[in-house]
Amino acid sequence: MRVFRAVADIPDGWGPSAVTIGKFDGVHTGHRAVIDRLRAVAAERGLTSTIITFDRNPLELLAPEKCPASLVSNAQKLDLLASTGVDATLMVAFDRALAGLDPEDFVHTILVDRLHAAAVLVGSDFRFGARGAGDVAMLRRLGEKYGFEVELIDDVRPEHGRRVSSTWIRELLADGDVRHAAELLGSAPTVRGVVVHGAARGRELGFPTANLSPESEGLVPADGVYAGWLTDAGERYPAAISVGNNPTFEGVPHKQVEAYVLDRDLDLYDHTVEVSFVERIRGMVAYTGVEPLIAQIADDVQRARELLGAAQPDDAGEPA
């Protein structure tokens, strides 16, 4: 997938293109339905499939008090978009200049002059241009003027008529319902970060953990213990994952992500790893002493093993 970081980076003669535009936060199943249709239209008409997205949620600039946390970082988003097989992504900086662009200027400058759009695919709630003045009806009129077709893509509504959205996925993660979130995302919720040195309490208890830096990428789910996977340099390992401030001990920073790789003691310090959440095992609980905590962790590990279908220690060979 080609990645353009600015409109000026698009080479002369690019296209003609089939284009879709959006935040694509999480690249969830609703987004993937649009992208699947985009690729089909491009294949049918011999066009280049191109996504336009932004380097931040527009609300971060326009109404920061209303801006939600992003599900994924820009790097994660680009990786997810690349996995869909789309030809190119233009990730533009959502700044004051872009926010103030007249709707027709937006269409003429980006869609027509640079991408040579022949087809534009959008959802029914699509808005563009300064103050969101452009809507689908205006886009159709501009398409007639500049020679591109507009196709409206239906929302994906898997349950009770509610459409798949990043907002819904955030709600699920806030509740710790990572399994349901994974169904809407099309993959397990994942955070990415550098493994840093912690207080070594897990090692002292017999369960050494990989502690992710607080600057990790991706939205961390609710406090609790989860079954999931740790991926390092392409190798995937089953893990029991703790999220939270570890209430049994004092002085542990809030929202710490710690992953115990089942039956392994890997040297992961300074490695950039991914931690994926499959199922919540329990919420976070404060224990009255170390022995009850060790017993609970042992039970958590066994639950994680069962949920992930991981081998028992005596049978453990290569990671699943």
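Going by the structure above, here's the rest.
Worth saying up front: this structure is predicted, and the values here are computed from it rather than measured.

Asks: Where do I start with helix 10 (residues 290-308) in this structure?
Replies: Think of an α-helix as turning once every 3.6 residues; residues three or four places apart then point the same way. The first and last C-alpha atoms of helix 10 sit 27 Å apart over 19 residues, in line with the 27 Å expected at 1.5 Å per residue. Of the positions making up helix 10, those classed as buried are Leu293, Gln296, Ile297, Asp300, Val301, Ala304, Arg305 and Leu308. Tucked into the core, helix 10 has its buried residues touching strand 9 (224-232), strand 10 (235-244), strand 11 (256-261) and strand 12 (272-282). Gly309 sits one or two residues past helix 10 and shows a positive phi near 70 degrees.

Asks: Teacher, can you tell me more about the sheet that holds strand 1 (residues 2-4) here?
Replies: Strand pairing in a sheet relies on backbone hydrogen bonds. The paired strands run either parallel or antiparallel. Pairing is parallel in the open sheet, where six strands are placed in the order 1-4-3-2-5-6. Only two strands of the sheet have a single neighbouring strand rather than two, namely strand 1 and strand 6 (149-153). Across the sheet, the mean angle separating the axes of adjacent strands is 20 degrees when strand polarity is ignored. Pairing between strand 2 (residues 17-21) and strand 5 (residues 117-123): four bridges, direction parallel. Bridge assignment links Thr20 to a residue of strand 5, and that residue is Leu121. Helix-sheet contacts for helix 3 (residues 74-83) involve strand 1, strand 3 (48-54) and strand 4 (88-92), and the interaxial angle to strand 4 is about 160 degrees.

Asks: What should I look at first to understand the pairing of strand 2 in this one?
Replies: A regular strand places its side chains on the two faces of the sheet in alternate fashion. With five of its five residues buried, strand 2 lies for the most part within the structure. Because side chains alternate across strand 2, one face comprises the buried residues Ser17, Val19 and Ile21, and the other comprises Ala18 and Thr20, equally buried. In terms of strand pairing, strand 2 meets strand 3 through five bridges, oriented parallel. Residue Val19 lies in a different strand from strand 3, and its bridge partner there is Thr50. Note that the unit made of strand 2, helix 1 (residues 29-45) and strand 3 has a crossover that is right-handed.

Asks: In this structure, what is going on with the side chain of His28? I would like to understand it.
Replies: Here His28 is to be found in the loop between strand 2 and helix 1. Not counting residues up to four positions away in its chain, the partners in contact with His28 are Val164, Ser165, Ser166, Ile169, Leu184 and Leu185.

Asks: Looking at this model, I keep getting lost on helix 8 (residues 178-185). Mind explaining?
Replies: In terms of burial, helix 8 is a largely internal element, six of the eight residues being buried. Turning to helix 8, its buried residues are Val178, His180, Ala181, Ala182, Leu184 and Leu185. Check the buried side of helix 8 and you find it contacts helix 1, helix 7 (166-174), strand 9 and strand 12. Following helix 8 by one or two positions, Gly186 has its phi on the positive side, about 90 degrees.

Asks: What exactly am I supposed to notice about the pattern of salt bridges here?
Replies: Oppositely charged side chains can pair when the atoms bearing their charge come close. Tallied over the entire structure, the rule returns 16 salt bridges. With its nearest N and O atoms 2.9 Å apart, the salt bridge here joins Arg170 to Asp25. Within this pair, whereas Arg170 is found in helix 7, its partner Asp25 is found in the loop between strand 2 and helix 1, the two being separated by 145 residues in sequence. Relative accessible area serves as the criterion here: at 10%, Asp25 is assigned to the buried category.

Asks: Looking at this structure, I do not really get the environment of Asp102. What am I missing?
Replies: Within the fold, Asp102 resides in the loop between helix 4 (96-99) and helix 5 (103-112). The spacing of Asp102 and Leu142 is 40 residues in sequence and 12 Å in space, taken between C-alpha atoms.

Asks: Just checking my understanding: could you explain unusual backbone geometry for this structure?
Replies: Cis geometry marks the peptide bond from Gly15 to Pro16; its omega dihedral reads 0 degrees. Mapped onto the elements, Pro16 comes out in the loop between strand 1 and strand 2. Unlike most non-glycine residues, Val27 shows phi in positive territory, near 45 degrees. The topology assignment puts Val27 in the loop between strand 2 and helix 1.

Cut-offs and rules
Residues numbered from 1 in each chain as written. Predicted model: local features only at pLDDT ≥ 70, side-chain atom pairs only at ≥ 80, totals over all residues. Heavy atoms only, no water. Helix = DSSP H or I, 4+ residues; strand = E, 2+ residues; numbered from the N terminus. Expected span 1.5 Å × (residues − 1). Buried < 20%, exposed > 50% of the residue type's maximum accessible area, 1.4 Å probe, protein only. Contact = heavy atoms within 4.5 Å. Pairing = 2+ DSSP bridges. Axes fitted to C-alpha atoms, helices over the stretch in contact; angles between N-to-C directions. Right-handed = clockwise from strand over helix to strand, strands pointing away. Salt bridge = Lys/Arg side-chain N within 4 Å of Asp/Glu carboxyl O.

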